[in-house]
Amino acid sequence: MSRFVFIYHAPMTPAEAAPPAPEDMAAVMGEWNAWAAKVGDGLVDFGTPLANGVRVASDGGTAPSQREVAGYSIIEAESMEAALQLAKEHPHLKMPGGCEIEVHEAQQIPGM
C-alpha cells in the first residue's frame, strides 16, 4: 500500500464562500462521509479545509496561487490508478466553480 495526498483546489477557500444553508451543508457532508466510508480503512486522514495559503519562494518572496488550495486528505491505496479512481468519484469534483483534485504519491525520504 502506498500513501497518497489529495489536494483540493477550488475557485475560493471554504472560508471565503457564502455560508451554506444547514440542509445544504448536511447534504454535502453526507456525500463526503459516503466517500470516506467507501475508502474505509484506507482513509489515513480525512483532512480539513484550508485558507489563507501563501507560497514562499526561495528568495523569500511570495507568489499568488492560480487556484486556491481548499483542503486535503491522505489515503492509502494499492496504486496510483486506484487512488485516481477514488479521486474521480470524490464529491469535491461536483462542487461549483470547476473544483479539482491533485493526487500526489508520498515518497520515502532518502537515507531514512
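One can find the structure itself at the top, above this paragraph.
Colleague: Report on the overall build of the chain, specifying residues and quantitative values.
Modeller: For the chain, the count of helices and strands is two helices and six strands. Put simply, the chain runs from its N terminus to its C terminus through helices and strands in the order β-α-β-β-β-β-α-β. Its C-alpha atoms give the chain principal-axis dimensions of roughly 50 × 40 × 20 Å. Restricting to contacts in the chain with at least 6 residues of sequence separation, those with at least 24 account for 78%. Here the chain holds 6 positive side-chain charges and 15 negative ones, and the gap between their average locations is 4 Å.

Colleague: Describe in detail the environment of Ala36, supporting the description with residues and values.
Modeller: Its location among the elements puts Ala36 in helix H1 (residues 22-39). Ala36 sits 39 residues away from Ile75 along the chain, and the two C-alpha atoms are 9.7 Å apart. Setting aside residues no more than four positions away along its own chain, Ala36 makes contact with Leu43 and Phe46.

Colleague: Help me get a handle on H1, residues and values and all.
Modeller: Its 18 residues give H1 an end-to-end C-alpha distance of 26 Å, which sits within 8% of 26 Å, the value for a rise of 1.5 Å per residue. Trp32, Trp35, Ala36 and Val39 are the residues of H1 that are buried. Looking straight down H1, one finds its buried side chains confined to an arc of 100°; they lie on one side. Exposed side of H1, more than 90 degrees from the buried face: Pro22, Glu23, Ala26, Ala37 and Lys38 are the residues found there. Backbone geometry just after H1 places Gly40 at a positive phi near 65°.

Colleague: Requested: an account of the sheet that holds strand S1 (residues 2-10), with residues and values cited.
Modeller: An order of S2-S5-S1-S6 is seen for the four strands of this open sheet, with the pairing classed as antiparallel. Each edge of the sheet is formed by a strand with only one pairing partner; in this case those strands are strand S2 (43-45) and strand S6 (100-105). Across the sheet, the mean angle separating the axes of adjacent strands is 30° when strand polarity is ignored. Across two bridges, the pairing between S2 and strand S5 (residues 68-77) is antiparallel. Following the sheet pairing, Asp45 is matched in S5 by Ile74. In the packing of helix H2 (residues 80-88) onto the sheet, contacts are made with S1, S5 and S6, and the angle to S6 comes to roughly 160°.

Colleague: Quick one: what's the story with the nonpolar core, residue by residue and with numbers?
Modeller: Generally speaking, a soluble globular protein has its nonpolar side chains buried in company with each other. Grouped together as the largest cluster of nonpolar side chains are 15 residues, with contacts concentrated most on Phe4, Phe6, Trp35, Ile75, Ala83 and Val103. Within the residue set of this core, elements represented by two or more residues are S1, H1, S5, H2 and S6. If we skip the residues at most four places from it in the chain, Ile75 touches Ser2, Arg3, Phe4, Phe6, Trp35, Val39, Gly42, Leu43, Val44, Ala83 and Leu86.

Conventions and cut-offs
- Residues numbered from 1 in each chain as written.
- Predicted model: local features only at pLDDT ≥ 70, side-chain atom pairs only at ≥ 80, totals over all residues.
- Heavy atoms only, no water.
- Helix = DSSP H or I, 4+ residues; strand = E, 2+ residues; numbered from the N terminus.
- Contact = heavy atoms within 4.5 Å.
- Lys, Arg positive; Asp, Glu negative; His and termini not counted.
- Charge placed at Lys NZ, Arg CZ, Asp CG, Glu CD.
- Expected span 1.5 Å × (residues − 1).
- Buried < 20%, exposed > 50% of the residue type's maximum accessible area, 1.4 Å probe, protein only.
- Arc of directions from axis to C-beta.
- Pairing = 2+ DSSP bridges.
- Axes fitted to C-alpha atoms, helices over the stretch in contact; angles between N-to-C directions.
- Core = buried A, V, L, I, M, F, W, Y, C linked by side-chain atoms within 4.5 Å.

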